[in-house]
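# Chain and residue survey
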Amino acid sequence: MFPLLSSLLSANAQWAERTNDAHPNFFGQCAKGQSPKVLWIGCADSRVPESVVTNAKPGDIFVHRNIANQFHLHDDSALSVLTYAVNVVGVEHVVIVGHTHCGGAVACMEAAQAQTSNSPPPISPDSPLGRWLAPLVNLVTKLDLKTLPAETHLDAIIEANVKRQVENVCATDVIKGAWAAAMGDEGKEKRQVWVHGLVYDVASGRLKDLNVSRGPRAQTE
């Protein structure tokens, strides 16, 4: 057997045993179903494991991760996750989470710089990764980064990216439908779904709230 795979299986067995010893009914309860209140849409980066950085347990967070925490409005994978999370699982908070030192954001920054200098792009725009990151490259080209110190460009791109994905999630029929249904008869409130934008600082382990939260009440104010 592969040594790394053996290590993973051994670590899993130890974790399962410790968890069962501490909470004998935990896995039995997990097998009965899930009811997480949070959908985490984040980056596939190995340094940002949502359950670890939030000290969450299995069953606490519904998850969708991809390169550079994108939410494309034509992406059936992301839309399926959002639909299931909101309409079936019943989440109340959708969090878009970017992170510092994001390789996808770096690639998009370099691609945008290549466009302005007529240089070869670092990633072929016809490749799967190039097509995936194209919307973010386009966003970068529209940011007024020249007014900012060069060392802050990447962080500015990362935050702008999160804000754009919040906008994209809010533009879906799933979220619009949830907001429309948030007010019941005679103004009685039903379950509300909120969308938030966060950035994880890899160097400190802390999550930063970008204060761009949107929800049903915000749409009527």
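The preceding data block contains the structure.
Report on the accompanying structure. From a predicted model like this one, the values you see are computed outputs, not experimental measurements.

Moving on, we come to the packing of helix 4 (residues 76–89) against helix 8 (residues 173–180). Running from amino to carboxyl end, helix 4 crosses helix 8 at an angle of 15 degrees, the nearest separation of the two axes being 9 Å. By the angle between their axes, helix 4 is roughly parallel relative to helix 8. Regarding helix 4 and helix 8, the two cross each other, and that crossing is left-handed. Contacts between helix 4 and helix 8 involve Leu82, Thr83, Val86 and Asn87 from the first element and Val174, Ile175 and Ala178 from the second. Partitioning the contact of helix 4 with helix 8 into residue classes produces 5 nonpolar, 2 polar and no charged.

The strand order across the open sheet built from 5 strands is 2-1-3-4-5, with neighbouring strands paired in mixed fashion. Looking along the sheet, the strands with just one partner apiece sit at the ends: strand 2 (61–66) and strand 5 (206–209). Averaged over all pairs of adjacent strands, the angle between strand axes in this sheet comes to 25 degrees, irrespective of strand direction. As judged from the 6 bridges shared by strand 1 (residues 38–43) and strand 2, these two strands associate in the parallel manner. Its bridge partner lying in strand 2, Gly42 is registered against Arg65.

Along the polypeptide, Leu5 turns up in helix 1 (residues 3–22). Note: C-alpha distance between Leu5 and Arg131 (126 residues apart in sequence) is 32 Å.

Side chains of Met1, Phe2, Leu4, Leu5, Leu8 and Leu9 sit close together on the surface and give an oily, nonpolar patch of about 720 Å² of accessible area. Residue placement: Leu4 occurs in helix 1.

All chains considered together, the criterion is met by 3 aromatic pairs. Measuring from centroid to centroid gives 5.5 Å for Trp15 and Phe27, while their planes differ by 80 degrees, and the two rings are edge-to-face. Note that Trp15 is positioned in helix 1 and Phe27 in helix 2 (residues 26–31), a separation of 12 residues in sequence. Here Trp15 falls in the partly exposed class, since its relative accessible area comes to 34%. Geometrically, the ring pair formed by Phe26 and Phe27 is edge-to-face, given 5.3 Å between the ring centres and 70 degrees between the ring planes. By relative accessible area, Phe27 is classed as partly exposed at 31%. Three or more aromatic residues link up through ring pairs in this structure, and these residues are Trp15, Phe26 and Phe27.

Another point: helix 7 (residues 153–170). For helix 7, with 18 residues, the first-to-last C-alpha span of 26 Å sits near the 26 Å given by 1.5 Å per residue. Along helix 7, the residues that are buried comprise His153, Leu154, Ile157, Ile158, Ala160, Asn161, Val162, Gln165, Val166, Asn168, Val169 and Cys170.

One non-glycine residue with positive phi stands out, namely His101, at about 60 degrees. Among the secondary structure elements, His101 is positioned in the loop between strand 3 (93–99) and helix 5 (103–117). The residue Asn211 is not glycine, and still its phi comes out positive at about 60 degrees. With respect to the secondary-structure elements, Asn211 resides in the loop between strand 5 and helix 9 (216–220). We classify Asn211 as exposed; its relative accessible area is 66%.

How each quantity is defined
- Residues numbered from 1 in each chain as written.
- Predicted model: local features only at pLDDT ≥ 70, side-chain atom pairs only at ≥ 80, totals over all residues.
- Heavy atoms only, no water.
- Axes fitted to C-alpha atoms, helices over the stretch in contact; angles between N-to-C directions.
- Helix = DSSP H or I, 4+ residues; strand = E, 2+ residues; numbered from the N terminus.
- Parallel < 35°, antiparallel > 145°, perpendicular 65-115°, else oblique.
- Left-handed = near helix turned anticlockwise from the far one by under 90°.
- Contact = heavy atoms within 4.5 Å.
- Nonpolar A, V, L, I, M, F, W, Y, C, P; charged D, E, K, R; others polar.
- Pairing = 2+ DSSP bridges.
- Patch = residues over 30% accessible without salt bridge, like charges linked within 9 Å, V, L, I, M, F, W, Y side chains within 5 Å.
- Areas by Shrake-Rupley, 256 points an atom, 1.4 Å probe, with all protein chains shown as cover.
- Salt bridge = Lys/Arg side-chain N within 4 Å of Asp/Glu carboxyl O.
- Phe/Tyr/Trp six-rings, centres within 6.5 Å; stacked < 30°, edge-to-face > 60°.
- Buried < 20%, exposed > 50% of the residue type's maximum accessible area, 1.4 Å probe, protein only.
- Expected span 1.5 Å × (residues − 1).

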